[in-house]
Amino acid sequence: TAIQAESIPTAIEGNDILATSPTGSGKTLAFGIPALMSERNALVLCPTRELAQQVGQELRMVDAFNKCNLAIIIGGASYSTQKRDLTQKGKLIVIATPGRMRDHIERGTISLKNFGMLILDEADEMMSMGFAEDLNFIRGKMSEDLQVLLFSATFPKHVRKFAEKSMVNPVRIGMDEKQSPP
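About the criteria used
Residues numbered from 1 in each chain as written. Predicted model: local features only at pLDDT ≥ 70, side-chain atom pairs only at ≥ 80, totals over all residues. Heavy atoms only, no water. Helix = DSSP H or I, 4+ residues; strand = E, 2+ residues; numbered from the N terminus. Buried < 20%, exposed > 50% of the residue type's maximum accessible area, 1.4 Å probe, protein only. Contact = heavy atoms within 4.5 Å. Lys, Arg positive; Asp, Glu negative; His and termini not counted. Charge placed at Lys NZ, Arg CZ, Asp CG, Glu CD. Pairing = 2+ DSSP bridges. Axes fitted to C-alpha atoms, helices over the stretch in contact; angles between N-to-C directions. Disulfide = S-S within 2.5 Å. Phe/Tyr/Trp six-rings, centres within 6.5 Å; stacked < 30°, edge-to-face > 60°. Salt bridge = Lys/Arg side-chain N within 4 Å of Asp/Glu carboxyl O.

1. Things to note about the overall build of the protein chain
Here comes step 1: On a plain count of helices and strands, the protein chain comes out with eight helices and seven strands.
Here comes step 2: Based on the C-alpha atoms only, the size of the protein chain along its principal axes is roughly 45 × 35 × 30 Å.
Here comes step 3: Put simply, the protein chain has 182 residues, and 54% of those count as buried.
Here comes step 4: A fraction of 71% describes how many contacts in the protein chain between residues 6 or more apart in sequence connect residues 24 or more apart.
Here comes step 5: Of the side chains in the protein chain, 21 bear a positive and 21 a negative charge, and the two mean positions are spaced by 6 Å.

Spelled out as structure tokens, the structure:
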């Protein structure tokens, strides 16, 4: 898809990405393929359990040779299973909802210092659902040397604010002039 054609090579080069693209346009592979190909651990934040599970299923299908360990961290699931999944050896991609991820950080079951990629899927939805504080908390627990990929259907003010604080010279994809930050 168009979003994949622009995002995948840009992300593989190590650039931060600020992308707008409608639901159903192929965003999961646009960020998933670079996350799978990267040497670094990745955290994917999704606004809902259902989306986190869907992203996890799609990445498992793409990672046919199981090079990466995937952990889906959502409310309503067993903490002990999630804790075990978070301590897997080797490369790890964590797909989580912001509230449950924050909970694991506060419980000390994960440290995000060794994660090199932060991906926000449907950032506008997460912000409108009241996760801004959780997103800022999570970002604050991650390395300064972090690649951030932010995907959103729209680009409202609160998403813009997070992007300005969290990203370094992001490549803008799918944005018209009125959506682009200053």
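2. Considerations on helix H5 (residues 98-107)
Here comes step 1: Taken together, the buried positions of H5 are occupied by Pro-98, Arg-100, Met-101, Arg-102, His-104 and Ile-105.
Here comes step 2: Elements that come into contact with the buried residues of H5 comprise strand E2 (41-45), strand E3 (69-73), helix H4 (79-86), strand E4 (92-96), helix H6 (123-128) and helix H7 (132-140).

3. Structural notes on the sheet that holds strand E5 (residues 115-121)
Pairing between sheet strands relies on hydrogen bonds along the backbone, with the strands arranged either parallel or antiparallel.
Here comes step 1: Pairing within the open sheet is parallel, and its seven strands lie in the order E3-E4-E2-E5-E6-E1-E7. Pairing within the sheet leaves two strands with one partner each, and these edge strands are E3 and strand E7 (171-173). Along the sheet, successive strands turn relative to each other by an average axial angle of 15°, direction set aside.
Here comes step 2: In this sheet, E5 lies alongside E2 in parallel orientation, the contact comprising five bridges. Opposite Asn-41, over in E5, you have Phe-115 as the bridge partner.
Here comes step 3: Its contacts with the sheet put helix H1 (residues 2-12) on strand E1 (17-20), strand E6 (147-152) and E7, and the angle it makes with E1 is roughly 170°.
Here comes step 4: With respect to the sheet, helix H8 (residues 157-166) is in contact with E1, E5 and E6, its orientation differing from that of E6 by roughly 170°.

4. Let's talk about the environment of Ile-173
Here comes step 1: On the secondary structure map, Ile-173 appears in strand E7.
Here comes step 2: Note on Ile-173: relative accessible area 2%, which makes it buried.
Here comes step 3: Along the chain, Ile-173 and Thr-97 lie 76 residues apart, while their C-alpha atoms are 24 Å from each other.
Here comes step 4: Excluding residues that lie within four positions of it along the chain, Ile-173 makes contacts with Ile-3, Glu-6, Ser-7, Ile-17, Leu-18, Ala-19 and Thr-20.

5. Considerations on the state of the cysteines
Here comes step 1: Applying the stated criterion across every chain, the model contains zero disulfides.
Here comes step 2: Lacking any disulfide linkage, Cys-46 is separated from the closest cysteine sulfur, that of Cys-68, by 16 Å.
Here comes step 3: With relative accessibility at 0%, the residue Cys-46 sits in the buried group.
Here comes step 4: Relative accessible area serves as the criterion here: at 7%, Cys-68 is assigned to the buried category.

6. A short note on the side chain of Asp-85
Here comes step 1: Secondary-structure assignment places Asp-85 in helix H4.
Here comes step 2: Of the residues examined, Asp-85 reaches a relative accessible area of 16% and is grouped as buried.
Here comes step 3: For Asp-85, the contacting residues outside a window of four places in its chain are Ala-71 and Leu-92.

7. Structural notes on the packing of aromatic side chains
Here comes step 1: Summed over the entire model, instances satisfying the criterion amount to one aromatic pair.
Here comes step 2: Relative to Phe-151, the ring of Phe-31 has its centre 5.6 Å away and its plane inclined at 55°; by these criteria the two rings are tilted. Within this pair, whereas Phe-31 is found in helix H2 (residues 27-37), its partner Phe-151 is found in strand E6, the two being separated by 120 residues in sequence.
Here comes step 3: Here Phe-31 falls in the buried class, since its relative accessible area comes to 0%.

8. Focus: the pattern of salt bridges
Here comes step 1: Applying the stated criterion across every chain, the model contains five salt bridges.
Here comes step 2: As a salt-bridge pair, Glu-133 and Arg-102 come within 3.5 Å of each other at their nearest N and O atoms. Note that Glu-133 is positioned in helix H7 and Arg-102 in helix H5, a separation of 31 residues in sequence.
Here comes step 3: Its relative accessible area of 57% is what places Glu-133 among the exposed residues.

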